[in-house]
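# Notes for the structure review
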Amino acid sequence: MEYDPPINTDSDEDIAMPEDMPDEYYQGIRKEGKIRRIVVDKQACIGAMSCSVVAPLVFQMDEEDIAYIPEGHEASDEETILLGAQSCPVLAIHLFDKDGKKIFPEE
Ligand code: SF4
C-alpha cells in the first residue's frame, strides 16, 4: 500500500500550473510571496535529507525517504525555502511563482 503522508491539502486553483511539472511529485502551495508552489520531484529525490536539515518546516521525509512538504510549511520564510532547495544535491526541488514560472533551479 502506498504511504500517505500528511501533505498539505491547500488548493492551487488560483495559481498557474507549470508546464514542466515532474511525473510524480509532492507539492506545497503558498498563499503569499514570490514562491507560490514548492515541488519535490519524487523520481529525482535520492533521500539525501539535506533539504529537511536546512528547512525542516518545509521538507520532511516519507517512509520511502522521499522528501514531502508537510502541513505547516507556510510558517517558513522564502529564504529558508530557497536554501533548502539549493541544498539538494540532485536539484529535485523546484520552486515556482504564481504564473507557473520556475524560480529555482534557474534555467
Ligand atoms: S535534498 Fe533533494 S534528494 Fe535530498 S531529500 Fe531533499 S529533495 Fe530529496
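Now for a description of the structure that goes with this document. Just so you know, these numbers come straight off a predicted model, no measurement behind them.

### Focus: the overall build of the protein chain
The secondary structure content of the protein chain amounts to two helices and six strands. For a compact globule of 107 residues, the expected C-alpha radius of gyration is about 13 Å, and the protein chain comes in at 12 Å, within 12% of that figure. Projecting the C-alpha coordinates of the protein chain onto the three principal axes gives extents of approximately 30 × 25 × 25 Å. In the protein chain, which comprises 107 residues, the proportion classed as buried is 31%. For the protein chain, the proportion of contacts with a sequence separation of at least 24, taken over those separated by at least 6, is 51%.

### Regarding the sheet that holds strand β6 (residues 102-104)
Strands sit in the order β1-β2-β5-β6 across an open sheet of four strands; the sheet is antiparallel. If you trace the sheet from one side to the other, it starts and ends with β1 (25-29) and β6, each paired once. Direction aside, the axes of adjacent strands within the sheet are offset by 30° on average. Packed onto the sheet, helix α2 (residues 78-87) meets β2 (37-41), β5 (93-96) and β6 and runs at close to 145° relative to β5.

### As for α2
Among the residues of α2, Ile81, Gly84 and Ala85 are the ones counted as buried. All buried residues of α2 lie within an arc of 95° about the axis, which places them on one face of the element. Turning to α2, the residues buried within the fold contact β2, α1 (50-54), β5 and β6.

### With respect to the site of the ligand
Not every one of the 15 residues close to the ligand is listed here, only the nearest: Cys45, Ala48, Cys51, Ala67 and Cys88. For the shell around the ligand, the per-class residue count stands at twelve nonpolar, three polar and no charged.

### Quick look at the pairing of β2
Of all five residues making up β2, five are buried, and the element is well covered by its neighbours. Here β1 runs beside β2; their pairing, made up of five bridges, is antiparallel. Within the sheet, the bridge partner assigned to tyrosine 26 lies in β2 and is valine 40. The pairing of β2 with β5 spans four bridges and is antiparallel. In the strand pairing of β5, isoleucine 38 is matched with leucine 95.

### Describing the nonpolar core
Soluble, globular proteins show a tendency: their nonpolar side chains are buried together. Membership of the largest hydrophobic core comes to 21 residues, with the highest contact counts inside it found for Ile38, Val40, Ala67, Ile69, Ile81, Ile93 and Leu95. Not counting residues up to four positions away in its chain, the partners in contact with isoleucine 38 are Gln27, Gly28, Val58, Ile69, Ile81 and Leu95.

### Comments concerning the environment of phenylalanine 59
Position of phenylalanine 59 relative to the elements: it lies in the loop between α1 and β3 (60-61). The exposure class assigned to phenylalanine 59 is buried, which follows from the 29 C-beta atoms found within 10 Å. Separated by 23 residues in sequence, phenylalanine 59 and leucine 82 place their C-alpha atoms 12 Å apart. For phenylalanine 59, the residues in contact, after removing those within four places along its chain, are Cys51, Ser52, Ala67, Ile69 and Gly84.

Rules and cut-offs
Residues numbered from 1 in each chain as written. Predicted model: local features only at pLDDT ≥ 70, side-chain atom pairs only at ≥ 80, totals over all residues. Helix = DSSP H or I, 4+ residues; strand = E, 2+ residues; numbered from the N terminus. Rg over C-alpha atoms; globule rule 2.2 N^0.38 Å. Buried ≥ 20, exposed ≤ 12 C-beta atoms within 10 Å, placed from the backbone. Contact = placed C-beta atoms within 7 Å. Pairing = 2+ DSSP bridges. Axes fitted to C-alpha atoms, helices over the stretch in contact; angles between N-to-C directions. Arc of directions from axis to C-beta. Near = placed C-beta within 6 Å. Nonpolar A, V, L, I, M, F, W, Y, C, P; charged D, E, K, R; others polar. Core = buried A, V, L, I, M, F, W, Y, C linked by C-beta atoms within 7 Å.

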